Amino acid sequence: MCIRDRYLTDIEGENGGRLVLGGVNPIYAASTFTYIPVLVQSLWALGLEDIKVGDISFGTADMIAVIETALPIIGTSKKLAQSIKATLPPLTSCTDFRKFPTLTFIINGNEFALQPSDYILTFKKGEVVQCLLGILEVEISEELSNVVFLGDVFLRTYYTHFDYGNSRVGFAEANHV
């Protein structure tokens with residue numbers, strides 16, 4: 001049985017995260033794990049019922065979420081990325097995100113919410129602070145336009161347990177220690 005987990009930090013000045021092979025380290029979980037059955041194990045693909053930006057729904061019947069550890073953002077088709085961005089206010093400040101709504105992914109009937117501070121990436125180089133919306137379009141074929149890649153923006157918020165032996169993925173709120 002292959003079990004691994006992924007924990008990414010958001011602590012300023014600390015790089016990276018943790019990879020645990022053979023189990024999970026409960027110190028990184030701030031809640032219990034919610035397990036989701038995998039549709040396609042080689043891709044860690046899950047059924048995605050809806051994406052909500054505040055109260056606006058973007059769900060379609062055939063959406064798929066792929067848990068993507070090699071992608072720093074949430075990536076999706078050009079059409080969906082542009083539709084989501086169109087509902088958001090302009091990103092004019094890197095310190096005040098109060099006007100931005102919660103971004104919620106509904107996976108297998110479970111809501112996984114990202115606050116604006118989770119999906120707006122802030123970078124500091126010297127005294128210069130820049131920010132970027134962590135939802136971008138990725139170049140994918142029309143047949144895959146229903147796929148949403150949940151990368152580090154999502155994985156930093158949710159401690160993720162890849163349970164290959166039971167063909168499932170577990171999510172717990174990350175405890176950034």
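Refer to the structure presented above.
Our subject in this report is the structure included herewith. Keep in mind it's a predicted model, so treat the numbers as computed, not measured. (Residues numbered from 1 in each chain as written. Predicted model: local features only at pLDDT ≥ 70, side-chain atom pairs only at ≥ 80, totals over all residues. Heavy atoms only, no water.)

This part is about the environment of Ser 117. Structurally, Ser 117 can be placed in helix H2 (residues 116-119). For Ser 117, a relative accessible area of 53% translates into the label exposed. (Helix = DSSP H or I, 4+ residues; strand = E, 2+ residues; numbered from the N terminus. Buried < 20%, exposed > 50% of the residue type's maximum accessible area, 1.4 Å probe, protein only.)

So, about the state of the cysteines. The tally for this structure, following the rule as stated, stands at one disulfide. Each disulfide pairs two cysteine sulfurs, and for Cys 94 the partner residue is Cys 131, the sulfurs being separated by 2.2 Å. Its S-S torsion of about -85 degrees marks the bond between Cys 94 and Cys 131 as left-handed, since a negative value means left-handed. With Cys 94 in the loop between helix H1 (78-86) and strand S8 (103-107) and Cys 131 in strand S11 (residues 128-133), this residue pair connects regions lying 37 residues apart in the sequence. (Disulfide = S-S within 2.5 Å.)

What follows concerns the packing of aromatic side chains. All chains considered together, the criterion is met by twelve aromatic pairs. For the ring pair Trp 44 and Phe 162, a centre distance of 5.1 Å and an interplane angle of 75 degrees mean the geometry is edge-to-face. On the criterion of sequence distance, the pair formed by Trp 44 in the loop between strand S3 (34-37) and strand S4 (45-53) and Phe 162 in strand S14 (residues 158-163) is long-range, its members being 118 residues apart. We note that Trp 44, like Phe 162, is buried. Aromatic pair Phe 112 and Phe 171: ring centres 5.1 Å apart, planes at 65 degrees, arrangement edge-to-face. Residue Phe 112 is found in strand S9 (residues 110-114), and its partner Phe 171 is found in strand S15 (residues 168-173); the two are separated by 59 residues along the sequence. Note on Phe 171: relative accessible area 2%, which makes it buried. One aromatic cluster is present, built from ring pairs that chain together Phe 105, Phe 112, Phe 154, Tyr 158 and Phe 171. Directly above the aromatic system of Tyr 35 lies the positively charged group of Arg 168, at a separation of 3.7 Å from the ring centroid. (Phe/Tyr/Trp six-rings, centres within 6.5 Å; stacked < 30°, edge-to-face > 60°. Lys NZ or Arg CZ within 6 Å of the ring centre and 35° of its normal.)

Glancing now at the pattern of salt bridges. Across all of its chains, the model carries two salt bridges by this definition. Linking Arg 98 and Asp 96 is a salt bridge whose minimum nitrogen-to-oxygen distance equals 2.9 Å. With a relative accessible area of 73%, Arg 98 lands in the exposed category. The partner of Asp 163 in a salt bridge is Arg 168, and the shortest N-O contact between them spans 2.9 Å. Classification of Asp 163 by relative accessible area gives buried; the value is 1%. (Salt bridge = Lys/Arg side-chain N within 4 Å of Asp/Glu carboxyl O.)

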